[in-house]
Amino acid sequence: MELTTGAILRRITETPLSTAAHKLATIILDGIAWKDGYNGLSRGTAAFTLAHLAGKMGVSRQHLSALLVELAASSLALVRWKRNGKFAPWLFRFAAFDQNDGPHDVV
């Protein structure tokens, strides 16, 4: 089975998270072009600044940081890093989908 954004969205909605963390995961997923990469990034990666994400969510950056920690600790295993210095956007990907141990769709 080929991994699709629909399969990832189903996995997000089935993961026990707060409502705000579900919304944040969906916003990040919306920025991922899973098949072709996003804006020159590797496949399955999205780039955002924390200010942009906080603005889209309508929350403070402190609350956003708590939601990112919740997503990182979940079975979705959200990973974030900066590859180009302090002022570069954060790069995000769901590391739970990096394993090739079988189908990821939990229908």
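Just so it is clear, the model here is predicted, and its values are computed rather than measured. (Residues numbered from 1 in each chain as written. Predicted model: local features only at pLDDT ≥ 70, side-chain atom pairs only at ≥ 80, totals over all residues. Heavy atoms only, no water.)

A.B. asks: Describe the overall build of the protein chain, naming the residues involved and giving the relevant values.
C.D. replies: Scanning the protein chain from N- to C-terminus turns up four helices and three strands. A burial count over the protein chain gives 39% of its 107 residues as buried. Of all intrachain contacts in the protein chain linking residues separated by at least 6 positions in sequence, the fraction that spans at least 24 positions is 54%. (Helix = DSSP H or I, 4+ residues; strand = E, 2+ residues; numbered from the N terminus. Buried < 20%, exposed > 50% of the residue type's maximum accessible area, 1.4 Å probe, protein only. Contact = heavy atoms within 4.5 Å.)

A.B. asks: Could you give an account of the sheet that holds strand β2 (residues 78-81), with specific residues and numbers?
C.D. replies: For sheets, the rule is that strands pair by backbone hydrogen bonds, running either parallel or antiparallel. A sheet is described by the order of its strands in space; here three strands give the open sequence β1-β3-β2, paired in antiparallel fashion. Strands at the two margins of the open sheet, each flanked by one partner only, are β1 (46-48) and β2. The mean angle between the axes of side-by-side strands here comes to 30°, regardless of whether they run parallel or antiparallel. Strand direction decides the pairing type here: β2 and strand β3 (residues 90-94), joined by four bridges, are antiparallel. Across the sheet, residue Arg80 finds its bridge partner in β3, namely Phe92. (Pairing = 2+ DSSP bridges. Axes fitted to C-alpha atoms, helices over the stretch in contact; angles between N-to-C directions.)

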